[in-house]
Amino acid sequence: DTGVSQDPRHKITKRGQNVTFRCDPISEHNRLYWYRQTLGQGPEFLTYFQNEAQLEKSRLLSDRFSAERPKGSFSTLEIQRTEQGDSAMYLCASSSLASARLTDTQYFGPGTRLTVL
Amino acid sequence: EDQVTQSPEALRLQEGESSSLNCSYTVSGLRGLFWYRQDPGKGPEFLFTLYSAGEEKEKERLKATLTKKESFLHITAPKPEDSATYLCAVQQPIQGAQKLVFGQGTRLTINP
């Protein structure tokens, strides 16, 4: 178990360009979450996958954002026509249900730091 | 709307000087309160989950406690390596799972 991994760790892009981030969850975890974190704030939920199904999307996720988890393993988050306001840390987390408590612990990856110039 | 507020925003202590961080929450039915540690430029690292008032969890110099409205993270005799941002979060149900709703964090600095 090597934990959640994300790639790239840093991305600098120009306004209007498209970017794509990848997340590889902990291997036995079927739940995958994306969060966004700006400086001095806690992470904010963006979207959630259970296996390959995208079950929940935040209102923060504009139509320029799209996420996939094609085979229920890794996930990608794409931002089209980036804006300066998209600059943030994009975090991925994964979990599996602890049935005794009907809750789960989310384990986070190292994040992808996006800077839009 | 579930809400989490952490205080103070920043705390500077001397090595060995014990203190507590506060997390106040309002939720419609607590499913779990989580503490994470986050180092600069890295993702949050899980520390504790608390489920019910009166529960306590400990790990090294850290102890987390929970009441019906607040959680405290007590740091005893901290060392410089305890310097980090500490995040508190509650779970909010979404379709098929729960998302985390975070506070803004407390940035802790331990001076040698």
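Everything discussed here concerns the structure shown above.
Residues numbered from 1 in each chain as written. Chains lettered and ligands numbered in written order. Predicted model: local features only at pLDDT ≥ 70, side-chain atom pairs only at ≥ 80, totals over all residues. Heavy atoms only, no water.

Q: Residues and numbers for the overall build of chain B, please.
A: Counting secondary structure elements, chain B contains zero helices and eleven strands. Taking 13 Å as the expected radius of gyration for a compact globule of 112 residues, we find that chain B reaches 14 Å, a close match to that expectation. For chain B, the spread of C-alpha atoms along the principal axes amounts to about 45 × 30 × 20 Å. Put simply, chain B has 112 residues, and 48% of those count as buried. About 5200 Å² of surface is accessible on chain B, with carbon and sulfur atoms providing 46% of the total. (Helix = DSSP H or I, 4+ residues; strand = E, 2+ residues; numbered from the N terminus. Rg over C-alpha atoms; globule rule 2.2 N^0.38 Å. Buried < 20%, exposed > 50% of the residue type's maximum accessible area, 1.4 Å probe, protein only. Areas by Shrake-Rupley, 256 points an atom, 1.4 Å probe, with all protein chains shown as cover.)

Q: Run through the sheet that holds strand β7 (residues 65–68) of chain A, naming residues and quoting values.
A: Residues and elements named next belong to chain A. Strand order in the open sheet made by the four strands is β1-β3-β8-β7, with antiparallel pairing throughout. In the strand order of this sheet, the two ends are held by β1 (5–7) and β7, each with one partner. The sheet shows a mean angle of 15° between the axes of neighbouring strands, direction not considered. (Pairing = 2+ DSSP bridges. Axes fitted to C-alpha atoms, helices over the stretch in contact; angles between N-to-C directions.)

Q: So what about the pairing of strand β10 (residues 97–102) of chain B? Which residues, and what values?
A: Residue and element names in this part refer to chain B. For β10, the tally of buried residues reaches six of six residues, placing the bulk of the element in the interior. Here β10 shows two buried faces, one formed by Ala 97, Lys 99 and Val 101 and the other by Gln 98, Leu 100 and Phe 102. The hairpin turn running from strand β9 (residues 84–94) into β10, its antiparallel successor, is two residues long, and Gly 96 in that turn takes a positive phi close to 85°.

Q: Could you give me a rundown of the sheet that holds strand β6 (residues 56–59) of chain B, with the residues and numbers involved?
A: Residues and elements named next belong to chain B. Strand order in the open sheet made by the five strands is β1-β3-β8-β7-β6, with antiparallel pairing throughout. Each having just a single partner strand, β1 (3–7) and β6 make up the two edges of the open sheet. Adjacent strand axes in the sheet meet at a mean angle of 15° when their direction is disregarded. As paired strands, strand β3 (residues 19–26) and strand β8 (residues 70–75) are joined by six bridges and run antiparallel to one another. The partner of Asn 22 across the bridge, within β8, is Phe 72.

Q: Could you give an account of the state of the cysteines, naming the residues involved and the relevant values?
A: Counted under the stated rule, the structure contains two disulfides over all chains. Linked covalently through their sulfurs, Cys 23 of chain A and Cys 92 of chain A form a disulfide whose S-S length is 1.9 Å. Disulfide Cys 23 of chain A-Cys 92 of chain A: the torsion about the S-S bond is -65°, which places it as left-handed. Here the residue Cys 23 of chain A occupies a position in strand β3 (residues 19–24), and Cys 92 of chain A occupies one in strand β9 (residues 88–95), the gap between them amounting to 69 residues. For Cys 92 of chain A, a relative accessible area of 0% translates into the label buried. Disulfide pairing is shown between Cys 23 of chain B and Cys 88 of chain B; the S-S distance is 1.9 Å. What sets the handedness of the Cys 23 of chain B and Cys 88 of chain B disulfide is the S-S torsion sign, and at about -60° it is left-handed. Separated by 65 residues along the polypeptide, Cys 23 of chain B in strand β3 and Cys 88 of chain B in strand β9 bring together distant segments of the chain. A residue is classified by how much of its surface remains accessible, and Cys 23 of chain B, at 0% relative accessible area, is buried. (Disulfide = S-S within 2.5 Å.)

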